[in-house]
Amino acid sequence: MTSASSHPSTVPAAHRQAKYQVRFDWAAAGAAAVATDADIVVWVDALTDEPVEAAAAQIPGAGAVVAAGLTDAPAVARWILDEQVRLGRRAMVALIAAGGTTAEGGTRFAVEDLLAAGAVVDALASVGIDYSSPEAAAACAAFTGLRGAVAHLLTASVSGQERIASGADAAELAGSGRLGTASEVRVLRAA
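Residues numbered from 1 in each chain as written. Predicted model: local features only at pLDDT ≥ 70, side-chain atom pairs only at ≥ 80, totals over all residues. Heavy atoms only, no water.

### Side note on helix α3 (residues 73-87)
Thinking step 1. Between its terminal C-alpha atoms α3 stretches 21 Å, which fits the 21 Å expected from 15 residues at 1.5 Å a residue.
Thinking step 2. Looking only at α3, the buried set comprises Ala 73, Ala 75, Val 76, Ala 77, Ile 80, Glu 83 and Gln 84.
Thinking step 3. Where α3 is buried, its residues meet β2 (40-44), β3 (64-68), β4 (93-97) and α4 (111-126).
Thinking step 4. Note on α3: the residue one or two positions beyond its end, Gly 88, has a positive phi of about 75°. (Helix = DSSP H or I, 4+ residues; strand = E, 2+ residues; numbered from the N terminus. Expected span 1.5 Å × (residues − 1). Buried < 20%, exposed > 50% of the residue type's maximum accessible area, 1.4 Å probe, protein only. Contact = heavy atoms within 4.5 Å.)

### Comments concerning the environment of Ser 159
Thinking step 1. Looking at the element boundaries, Ser 159 is found in helix α7 (residues 158-165).
Thinking step 2. Put simply, Ser 159 and Leu 47 are 112 residues apart on the chain and 7.7 Å apart in space, counted from C-alpha to C-alpha.
Thinking step 3. Filtering out sequence-adjacent residues up to four positions away, Ser 159 remains in contact with Leu 47, Arg 108, Ala 110 and Glu 112.

### Thoughts on the packing of aromatic side chains
Two aromatic rings are characterised by how far apart their centres lie and by the angle between their planes.
Thinking step 1. All told, the structure shown has three aromatic pairs when counted by the stated rule.
Thinking step 2. Centre to centre, the rings of Phe 24 and Trp 26 are 5.7 Å apart; their planes meet at 65°, and the pair counts as edge-to-face.
Thinking step 3. Ring centres of Trp 26 and Phe 109 lie 5.3 Å apart, and the angle between their planes is 50°; on these two criteria the pair is classed as tilted. One end of the pair, Trp 26, is in strand β1 (residues 22-26); the other, Phe 109, is in the loop between β6 (107-108) and α4, and 83 residues separate them in sequence.
Thinking step 4. Cluster of aromatic residues (ring-pair linked, three or more members): Phe 24, Trp 26 and Phe 109. (Phe/Tyr/Trp six-rings, centres within 6.5 Å; stacked < 30°, edge-to-face > 60°.)

### Side note on the sheet that holds β1
Thinking step 1. In space, the five strands of this open sheet follow the order β1-β4-β2-β3-β7, with mixed pairing throughout. Every interior strand has two partners, whereas the edge strands, β1 and β7 (186-189), have only one. Pairwise comparison of adjacent strand axes, ignoring direction, gives a mean angle of 25° for this sheet.
Thinking step 2. On top of the sheet, helix α1 (residues 27-34) reaches β1 and β4; it is set at about 150° to β1, its chief contact. (Pairing = 2+ DSSP bridges. Axes fitted to C-alpha atoms, helices over the stretch in contact; angles between N-to-C directions.)

### Here's the deal with the environment of Ala 73
Thinking step 1. Structurally, Ala 73 is set in helix α3.
Thinking step 2. On the accessibility criterion, Ala 73 (2% relative accessible area) is buried.
Thinking step 3. Sequence spacing of Ala 73 and Thr 10 is 63 residues, and the spatial spacing of their C-alpha atoms is 32 Å.

### Details of the confidence of the model for the protein
Thinking step 1. A residue-level look at the protein finds 94% of positions with pLDDT of 70 or above and a mean pLDDT of 91.
Thinking step 2. When the criterion is pLDDT under 50, residues 1-5 qualifies, and its contacts beyond four places in sequence or with other chains add up to 12 contacts. (pLDDT = per-residue confidence, 0-100.)

### Topic: the side chain of Glu 112
Thinking step 1. Within the fold, Glu 112 resides in helix α4.
Thinking step 2. For the buried Glu 112, which has no salt bridge, the nearest side chain bearing the opposite charge is Arg 108, at an N-O separation of 5.0 Å.
Thinking step 3. In terms of polar contacts, Glu 112 uses its side chain to reach the side chain of Ser 159, at 2.7 Å.
Thinking step 4. Setting aside anything within four residues of it in sequence, one finds Glu 112 in contact with Ala 46, Leu 47, Leu 154, Ser 157 and Ser 159. (Lys, Arg positive; Asp, Glu negative; His and termini not counted. Salt bridge = Lys/Arg side-chain N within 4 Å of Asp/Glu carboxyl O. Polar contact = N/O pair within 3.5 Å; in protein donor to acceptor, adjacent residues only side chain to side chain.)

### Describing the nonpolar core
Most often, soluble globular proteins keep nonpolar side chains buried together rather than apart.
Thinking step 1. Formed by 36 residues in total, the largest nonpolar core has its most connected members in Phe 24, Val 42, Val 76, Ile 80, Leu 95 and Leu 124.
Thinking step 2. Elements that contribute at least two residues to this core include exactly β1, β2, β3, α3, β4, α4, α5 (134-146) and α6 (150-156).
Thinking step 3. Broken down by element, this core gets its largest block of residues, eight residues, from α4.
Thinking step 4. When near neighbours in sequence (up to four residues on either side) are disregarded, Phe 24 contacts Gln 17, Leu 95, Ala 97, Leu 114, Ala 117, Ser 133, Glu 135, Ala 136 and Ala 139.
Thinking step 5. With 17 residues, the next largest nonpolar core counts Val 11, Val 34, Val 52 and Ala 94 among its residues. (Core = buried A, V, L, I, M, F, W, Y, C linked by side-chain atoms within 4.5 Å.)

Following this line, the structure appears as structure tokens:
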């Protein structure tokens, strides 16, 4: 997951977003930057087709890893608050958007993961965890500004269109954008 160029010890200090309680970045390189010292890592993949457990196994650091999308963002925020209470101190939270894959195999910006990360940041703020990096705040602003269109955006996005072209049902896909409809938190790695 971490290449020589993205090994935690070679990540520039500013990229680590270390002074913020809630951080946000993308894919493997982002995880190497912001997750190494996090108490909780949230792997954000709104339209996952792949087992997220494989991604969690490669997240750096020793913190807990949970999966999140749009449907479970409020539940994930409550779980993080409970974990912070258990720790007895401010929990450092790193959100990692999975992103899509380019034709060349690189990471592609995926709007659905940006919106889902923003939904988690917004839900965290609603429970009082709101010292967010500018990157996390921007994801939150994208979500709150587009909250009413999230389900449509999932089906209209590049990832959504790829899935529909491969035979996915658009209505089922839109269901992945129904905020707060899941109460179970998928813990991928305990702290």
